[in-house]
Amino acid sequence: MLSKKLEKVLNKQIEKEGYAAQLYLAMASWSEAQGYEGISNWFYEQHKEEVEHMLKFIKYMNERGSHATVPKIDQPPKDFAGVKKVFEASLEHEQMVTRSINEIVGISLEEKDFTTHNWIQWFVDEQLEEESSVQNILDKLNLIGDGNLYMFDRDIMSMRAEGEE
Ligand SMILES: [Fe+2]
Ligand SMILES: [Fe+2]
């Protein structure tokens, strides 16, 4: 059985993964409306991953004899100030999620729930990967400066494929 404290933070994490999914969907829609096909594909893929994350938490809680709450999710922003800004917002969001996952790691140790501690490690690795892939994109965008985003929009398609396991 999950402790009440863990149940609470895991439920909260379902909401955070759900918000991440919505945020990436908003970013995908924004990029698509701007005509960036590669960038929007990248964000649509992120959206799918975040939905998967949300499902992982729901299924884990239920597997542990709990009953996960499907949350109400806030509306993400509709507009973004530019391609660089959209990736900066995405990095900031991933960093917030990493802090949140780390907090769950800490609580699972406090509660001596080694099953959850072991299970959540997948997310520890996943956050490292997600932060570094967004950071790589931002590094490329910094190199380009105000240069050609048309090429970048094509390059990001292959960056995704490389990053995938
Ligand atoms: Fe996630
Ligand atoms: Fe993420």
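Look up a bit, the structure's there.
All of these numbers come straight from a predicted model, not from anything done at the bench.

Chemist: Sorry if this is basic, but what is going on with the packing of helix H1 (residues 4-34) against helix H3 (residues 83-110) here?
Modeler: Axis separation between H1 and H3 bottoms out at 11 Å; the angle between their running directions is 170 degrees. It follows from the interaxial angle that H1 and H3 lie roughly antiparallel. Taken as a pair, H1 and H3 cross one another with a handedness that is left-handed. Between H1 and H3, the contacting residues are Lys5, Leu6, Val9, Gln13, Lys16, Ala20, Leu23, Met27, Trp30 and Ser31 on the first element and Val86, Ser90, His93, Val97, Ser100, Glu103, Ile104, Ile107 and Ser108 on the second. Among the residues making up the contact of H1 with H3, the classes are represented as ten nonpolar, six polar and three charged.

Chemist: Is there a simple way to explain the environment of Lys48 in this structure?
Modeler: With respect to the element layout, Lys48 can be found in helix H2 (residues 37-63). Note: C-alpha distance between Lys48 and Arg99 (51 residues apart in sequence) is 21 Å.

Chemist: Help me understand unusual backbone geometry, please; the structure alone is not making it clear to me.
Modeler: The bulk of non-glycine residues show a negative phi, and the bulk of peptide bonds are trans. Although it is not a glycine, Lys112 sits at a positive phi angle of roughly 55 degrees. Along the polypeptide, Lys112 turns up in the loop between H3 and helix H4 (114-144).

Parameters at a glance
- All residue numbers refer to positions counted from 1 along the written sequence of the respective chain.
- In the order they appear in the text, chains get letters beginning with A and ligands get numbers beginning with 1.
- Selection of residues for local features in this predicted model requires a pLDDT of at least 70, selection of side-chain atom pairs for listing and counting requires 80 or more, and totals for whole chains, interfaces and linings are taken over all residues.
- In this description, a line fitted to the C-alpha atoms serves as the axis of each element, helices being fitted only across the stretch in contact, and the angle between N-to-C directions of two axes falls anywhere from 0 to 180 degrees.
- The helix and strand labels rest on DSSP assignments: H or I over at least four residues marks a helix, E over at least two residues marks a strand, and numbering proceeds from the N terminus.
- Angular relationships are summarised with four words: roughly parallel below 35 degrees, roughly antiparallel beyond 145, roughly perpendicular across 65 to 115, and oblique for the angles in between.
- Crossing handedness is defined as follows: a turn of the near helix away from the far one that is anticlockwise and smaller than a right angle gives a left-handed crossing, while the clockwise case is right-handed.
- Working definition of a contact: two residues with C-beta atoms, positioned from the backbone, lying within 7 Å.
- Under the convention adopted here, Pro, Cys and the residues Ala, Val, Leu, Ile, Met, Phe, Trp and Tyr are nonpolar, Asp, Glu, Lys and Arg are charged, and Gly plus all remaining residues are polar.

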